[in-house]
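Residue-level listing of the chains:
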Amino acid sequence: MPSLNLELVVSVPKGSPLARHYVEGVPEALEFFRGHHARLAAYQAKAEEVDGRFDTAARRRASGAIRVPAGGDPERLERWVDEGGFVVTTGQQPGLFGGPLYSLYKALTAIRLAQVLEERLGRPVLPLFWVASEDHDWAEANHTSVVGMDNELRTPTLEAPDAGVHPALHRIPLGPDFDALRESFLNDLPASDFSAPYFDLLRNAAKEGMTLPASFSGIMEALLGPLGLYFTDAADPALKDASVPLLLSELDRSPELEGVLDATGRRLIEAGYELQVALMEGGVNLFLEGPAGRERIYREESGYRLRISGEQLTRDDIAARVQADPSVLSPNVLLRPVVESAVFPTLSYVAGPGETAYFGQLGDYFEAHGIRMPVIHPRFGATAVEAKIRKVLDKFGLDVPALDRPFHEISSEIARDEVPEEVKTAVGALRGTVARGVGELNEAVKAIDPTLKGPVQHVRSQTFAALDELEKKVVHALKRENEIALAQLEKAQLHLFPLGKPQERVLNPFYYLTRYGGAFLEGLLERFSVNPQ
């Protein structure tokens, strides 16, 4: 995108050894998955398994939980049902004002993969984004960050309505201070020829009285619906109704299924890998809404117990609550992908590195539910490098990864590199002279008194320490001299690795959307290249 003065450095995030080895196709890691994302045969095998579970009627039921966004194509969803289509899924918990960039990258990867699989398989394939509205981690969802017009990191944050209770996010309305927070966020975004429609979008899709999931959905649908993305919501009534039988089966079979997960976990550890998701003895892979919000269910001799409040329940108690309101029972991180594949004809899940690792725990667990695990496709990542940032990098002869470390290390290294050669030569020569002189003095005093060797070595150490101190002072002097240039480099690091993390995990996409418009999304989609063979 040279006309936009924006460079996109695209890669696949590495993650843990298990995730990295899966992406690289290491045989020991592939033992824990069902096929490899780069092999077309893996998708073909999964398609055959899906067809064995989904007829036209089942796809029709699934379509009831799929939302066609404004700008999307409802007729395509009808054709998808009639022609026996599949889905490529991905998802994310809602984030404030659309959350960090990687949510966008997951969705765009799913769009690209669905396009390619539809062409290769000759069947409709919809990209489907699962909005994890049942998540209850408020502290993970309640903030976002942007580099403001003053080149400082701004992080608008929503206060928790009740720090002692943790309901699902879709239960929490945005309070009376929210609109002021949104306007503050808008003030930190650049005004440009592209910004007005995005400001309107944020004002319409992020308002007091809404919930974070509703706001997040509205933003993502507006941005990505025109590119062909469809949506579902974890709390959607049609999805909840369809998933209740599986959730109650999980409850009834929890000791058996815990054993399946435990066996896979032990195999992973024996293979040298760590578990991404720790297994809690007696922990059912379900949450029930209780006195403390969304609470994990644990087995007890007399029935079940909610983790935080300690409320005691029987199986009939839980079933009665679910019958009255299916939305009160929800899957945990391990069961959620199984629910997704039970409700939708899923070929592949687009996963971040952490998700890829926990899918490595799930192959046998899926099969215990009568489902073949979908093919895991790693999401793409990207670092957006603006022209002003590239100029600074080029000035210092650095690439993007060079800034992924503490700034004091970068600045010291640059200052050392700029020490004049004559200074380096003179200091080196002096060190050599001292070393030789100390050696000669040692020989000279040895005959007088062998114990004088210690004081001579002390003189050597003191001299070398003084030279080290001198070199530090030279470096500090150069840092002061280059203070303005180093400040520019520090700002470049803020854009590329804010808070010491990859840009995509911290920064909000609206900084780039308001600056570069829809071409930012189009450029990413173009560069996310998928080619299973």
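Residues numbered from 1 in each chain as written. Predicted model: local features only at pLDDT ≥ 70, side-chain atom pairs only at ≥ 80, totals over all residues. Heavy atoms only, no water.

Another aspect to go through is the sheet that holds strand S11 (residues 329-331). Strands sit in the order S10-S9-S8-S7-S11 across an open sheet of 5 strands; the sheet is antiparallel. Each edge of the open sheet carries a strand with a single partner, namely strand S10 (312-313) and S11. As paired strands, strand S8 (residues 293-300) and strand S9 (residues 303-306) are joined by 4 bridges and run antiparallel to one another. Each bridged residue has a counterpart across the sheet, and for glutamate 300 the counterpart in S9 is glycine 303. (Pairing = 2+ DSSP bridges. Helix = DSSP H or I, 4+ residues; strand = E, 2+ residues; numbered from the N terminus.)

With parallel pairing, the 5 strands of this open sheet are ordered in space as S6-S3-S2-S12-S13. In the strand order of this sheet, the two ends are held by strand S6 (230-233) and strand S13 (375-378), each with one partner. Averaged over all pairs of adjacent strands, the angle between strand axes in this sheet comes to 30 degrees, irrespective of strand direction. Bridge count between strand S3 (residues 125-131) and S6: 4 bridges; the pairing is parallel. The residue of S6 that forms the bridge with leucine 128 is tyrosine 230. (Axes fitted to C-alpha atoms, helices over the stretch in contact; angles between N-to-C directions.)

Turning to the pattern of salt bridges, a few remarks are in order. Between side chains of opposite charge, pairing is possible as soon as their charged atoms come close. On inspection of all chains with the given rule, the structure shows 33 salt bridges. When the shortest N-O distance is used, the salt bridge between arginine 203 and glutamate 183 registers 2.9 Å. Placement of the pair is arginine 203 in helix H9 (residues 195-205) and glutamate 183 in helix H8 (residues 178-187), with a sequence separation of 20 residues. Using a relative accessible area of 24% as the deciding quantity, one classes glutamate 183 as partly exposed. (Salt bridge = Lys/Arg side-chain N within 4 Å of Asp/Glu carboxyl O. Buried < 20%, exposed > 50% of the residue type's maximum accessible area, 1.4 Å probe, protein only.)

Turning next to the packing of H8 against H9. Put simply, H8 and H9 touch, their axes get as near as 10 Å, and they point 165 degrees apart. On the basis of the axis angle, H8 is roughly antiparallel to H9. By crossing handedness, the relation of H8 to H9 is classed as right-handed. Of the residues in H9, those touching H8 at Arg182, Glu183, Phe185 and Leu186 are Phe199, Leu202 and Arg203. Considered class by class, the residues forming the contact of H8 with H9 number 4 nonpolar, no polar and 3 charged. (Parallel < 35°, antiparallel > 145°, perpendicular 65-115°, else oblique. Left-handed = near helix turned anticlockwise from the far one by under 90°. Contact = heavy atoms within 4.5 Å. Nonpolar A, V, L, I, M, F, W, Y, C, P; charged D, E, K, R; others polar.)

To continue, consider the packing of aromatic side chains. By the definition in use, this model includes 14 aromatic pairs. Seen in terms of ring centroids, tyrosine 198 and phenylalanine 510 are 6.1 Å apart; in terms of plane orientation they differ by 70 degrees. Their pairing is edge-to-face. Here tyrosine 198, found in helix H9, pairs with phenylalanine 510, found in helix H22 (residues 510-516); they are 312 residues apart in sequence, far enough to count as distant. Looking at phenylalanine 510, the relative accessible area reads 0%, which means it is buried. (Phe/Tyr/Trp six-rings, centres within 6.5 Å; stacked < 30°, edge-to-face > 60°.)

On to the environment of tyrosine 43. Here tyrosine 43 lies in helix H3 (residues 40-51). Taking C-alpha positions, tyrosine 43 is 8.6 Å from leucine 121, a pair spaced 78 residues apart along the chain. Within the structure, the side chain of tyrosine 43 is placed 2.8 Å from the backbone oxygen of histidine 37, a separation counted as a polar contact. (Polar contact = N/O pair within 3.5 Å; in protein donor to acceptor, adjacent residues only side chain to side chain.)

The nonpolar side chains of a soluble globular protein tend to be buried, and buried together. One finds Leu223, Ile297, Phe344, Phe510 and Phe520 to be the most contacted residues of the largest nonpolar core, which totals 131 residues. By residue number, the principal contributor to this core is helix H6 (residues 101-121), which donates 11 residues. Listed in part, the 18 residues of the second largest apolar core include Ile389, Val392, Leu398 and Ile414. (Core = buried A, V, L, I, M, F, W, Y, C linked by side-chain atoms within 4.5 Å.)

Relative to the helices and strands, glutamine 361 is located in the loop between helix H15 (353-359) and helix H16 (363-368). A residue is classified by how much of its surface remains accessible, and glutamine 361, at 1% relative accessible area, is buried. Within the structure, glutamine 361 has its side chain in polar contact with the backbone nitrogen of valine 277 (distance 2.9 Å). Not counting chain neighbours up to four residues away, the residues in contact with glutamine 361 comprise Leu261, Thr264, Leu268, Leu275, Gln276, Val277 and Leu279.

Bringing the packing of helix H11 (residues 237-252) against helix H12 (residues 254-270) into the picture now. Running from N to C, H11 and H12 point in directions that differ by 85 degrees, and their axes come no closer than 5 Å. In terms of orientation, H11 lies roughly perpendicular with respect to H12. Between H11 and H12, the contacting residues are Glu250, Leu251 and Asp252 on the first element and Ser254, Pro255 and Leu257 on the second. Taken together, the residues that form the contact of H11 with H12 break down as 3 nonpolar, 1 polar and 2 charged.

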